[in-house]
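Each chain is listed here by its residues.
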Amino acid sequence: MTLSIRQVGPCFAGEVTGIDLTKPLPSGVAQEIHDAMDEYAVLVFPNQNFTDETQIAFTEHLGQIEHSIGAGLRKPDEYRLSTHFADVSNLDKENKVYGREDRRRLFAIGNRLWHSDSSFKVVPAKYSLLHARAIPSKGGNTEFADMRTAYDALDHETKEHIDDMIAEHTQIHSRRSVGFEEFDEEERIRMAPVKQRLVRIHPSTGRKSLYLSSHAGRIDGVPVTEAMLLLKDLTEHATQREYVYSHKWRLHDLVIWDNRRTMHRARPFPENEPRDMRRTTVIGDGPTVEQQVA
Ligand code: OGA
Ligand code: MN
């Protein structure tokens, strides 16, 4: 056992010390991290002085990297980082802070809604690894909600009602919910809805979690208004403070979360200050709709 872990959240989330992830990983450590992820769902690793190359190398120890092509609104020639990264900064290609009205900024701050990464893709994300390269003077926390505890706390009737439901996810739903309405034809096609189970089973622990995300806006076989209200009610339930860990960033923190079992959201910060956060993402095992019903 190389890792030393201290729980920092209410029912999940741990801080890990005693390891430098920028160096080649000793054998067995990747497995230790997977095991710790299964236990804590969110792991904070302070003082990891990554470059893009070392962040990619570490991520590849944990699985296959999801490329960011086609997500968000940056055009191919507007990428600041290689496509191994989801650029969750507020910076353009010249490292300048986006103007307040910039369409790319307004789309990106949709991250302030509770979500699970890439739930709008047929094969959604497994882990996200977010590294802080520049942080604002205040604000900008990332909050995490434990969707396994939230599922467990539902009453039996609700569990039976939702266990086999299939929801439809698209970035168009999440952005519309905050008044971002304008999408051109190419974006509408690229952001076509995908289906995800509303309750998913974690492949390593066998435990059920709610699988919610701001991208979810419809449920198969349920009238739209009823579906939207159910999704709102479940999200309100799942994000009660007692299920939430709020991470206050320090420079060079790496935070890894399991998207199969948590939701997260960014919090506001002074809009003229740079916040350079770089995310690598480990792709999931397959579509959730193919998951075996327990
Ligand atoms: C992400 C994300 C939140 C933040 O990286 O997927 O939603 O606080 N980030 O930047
Ligand atoms: Mn995210």
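As the structure is a prediction and not an experimental result, all values here were calculated from the model.

## A few points about the overall build of the chain
In terms of helices and strands, the chain carries eight helices and 15 strands. By the compact-globule yardstick of 19 Å for 294 residues, the chain fits well, its C-alpha radius of gyration being 18 Å. Considered along the principal axes of its C-alpha atoms, the chain spans approximately 50 × 45 × 30 Å. Residue burial in the chain is summarised as follows: out of 294 residues, 54% are buried.

## Concerning the site of ligand 1
Neighbouring ligand 1 are the residues Val88, Asn111, His115, Asp117, Leu130, Thr142, Trp257, His264, Ala266, Arg275 and Arg279. For ligand 1, an oxygen atom lies 3.1 Å from a polar atom in the side chain of His115. Here His264 contributes a side-chain N or O atom positioned 3.0 Å from an oxygen atom of ligand 1. A per-class count over the shell around ligand 1 returns four nonpolar, four polar and three charged.

## A closer look at the packing of aromatic side chains
Scanning all chains against the criterion turns up five aromatic pairs. Each ring, one from Phe144 and one from Tyr245, has its centre 6.4 Å from the other, and the planes form 15°; the classification is stacked. With a gap of 101 residues between them, Phe144 in strand β6 (residues 142-146) and Tyr245 in strand β12 (residues 244-247) connect regions that are remote in the sequence. Like Tyr245, Phe144 is buried.

## Notes on the side chain of Ser214
By secondary structure assignment, the location of Ser214 is in the loop between β10 (208-210) and β11 (216-219). The residues touching Ser214, leaving out its near neighbours within four places in the chain, are Leu113, Trp114, His115, His173 and Ser174.

## A look at helix α8 (residues 224-238)
Over its 15 residues, α8 extends 21 Å from the first C-alpha to the last, a length consistent with the 21 Å expected when each residue adds 1.5 Å. Buried positions along α8 lie against β6, α4 (147-152), α5 (156-162), β10 and β11.

## A word on the sheet that holds strand β5 (residues 125-134)
The strands making up a sheet associate through hydrogen bonds between their backbones, and the pairing can be parallel or antiparallel. Here seven strands make up an open sheet; going across it, the order is β1-β2-β3-β13-β5-β15-β4 and the pairing mixed. The strands lining the two open edges of the sheet, one partner per strand, are β1 (4-7) and β4 (86-87). Judged from the four bridges that link them, β1 and strand β2 (residues 14-17) form a sheet pairing that is antiparallel. Of the residues in β2, the one forming a bridge with Ser4 is Thr17. Against the sheet, helix α1 (residues 29-40) engages β1, β2, β3 (42-45), β5 and β13 (254-258), with an angle of about 125° to β3.

## Looking at the side chain of Arg175
With respect to the secondary-structure elements, Arg175 resides in helix α6 (residues 171-176). Of the buried charged residues, Arg175 lacks a salt bridge, with Asp117 as the closest side chain of opposite charge at 8.8 Å. Sequence-distant contacts of Arg175, that is, excluding residues within four places in its chain, are made with Phe107, Ala108, Gly110, Asn111, Phe180, Phe183 and His215.

## With respect to unusual backbone geometry
The backbone phi angle of Ala41 is positive, close to 70°, even though this residue is not glycine. Secondary-structure assignment places Ala41 in the loop between α1 and β3. Phi at His252 takes a positive value of approximately 75°, unusual for a residue other than glycine. Position of His252 among the secondary structure elements: in the loop between β12 and β13. Assessed through its relative accessible area of 21%, His252 is described here as partly exposed.

## Some remarks on the pattern of salt bridges
Applying the stated criterion across every chain, the model contains 25 salt bridges. Across the salt bridge formed by Arg74 and Asp87, the nearest N and O atoms sit 3.3 Å from each other. Residue Arg74 is located in the loop between α2 (52-62) and β4, and its partner Asp87 is located in strand β4; the two are separated by 13 residues in the primary sequence. The same class applies to Arg74 and to Asp87, which are both buried. In this structure, Arg176 engages Glu181 in a salt bridge whose closest nitrogen and oxygen atoms are separated by 3.5 Å.

## Comments concerning the coordination of the manganese ion (ligand 2)
Put simply, the ideal angle at a metal is 109.5 degrees for four donors in tetrahedral geometry and 90 or 180 degrees for six donors in octahedral geometry. Those donors, His115 (NE2), Asp117 (OD) and His264 (NE2), are the protein atoms that reach the manganese ion (ligand 2), and they lie 2.1 to 2.2 Å from it. Between consecutive donor residues of the manganese ion (ligand 2), the sequence gaps follow H-x1-D-x146-H. Note that Asp117 is positioned in the loop between α3 (103-108) and β5 and His264 in strand β14 (residues 262-266), a separation of 147 residues in sequence. Assigned by exposure class, Asp117 and His264 land together as buried.

Thresholds applied
Residues numbered from 1 in each chain as written. Chains lettered and ligands numbered in written order. Predicted model: local features only at pLDDT ≥ 70, side-chain atom pairs only at ≥ 80, totals over all residues. Heavy atoms only, no water. Helix = DSSP H or I, 4+ residues; strand = E, 2+ residues; numbered from the N terminus. Rg over C-alpha atoms; globule rule 2.2 N^0.38 Å. Buried < 20%, exposed > 50% of the residue type's maximum accessible area, 1.4 Å probe, protein only. Near = heavy atom within 4 Å. Polar contact = N/O pair within 3.5 Å; in protein donor to acceptor, adjacent residues only side chain to side chain. Nonpolar A, V, L, I, M, F, W, Y, C, P; charged D, E, K, R; others polar. Phe/Tyr/Trp six-rings, centres within 6.5 Å; stacked < 30°, edge-to-face > 60°. Contact = heavy atoms within 4.5 Å. Expected span 1.5 Å × (residues − 1). Pairing = 2+ DSSP bridges. Axes fitted to C-alpha atoms, helices over the stretch in contact; angles between N-to-C directions. Lys, Arg positive; Asp, Glu negative; His and termini not counted. Salt bridge = Lys/Arg side-chain N within 4 Å of Asp/Glu carboxyl O. Donors = N, O, S within 2.8 Å, 3.2 Å for Na, K, Ca; no water.

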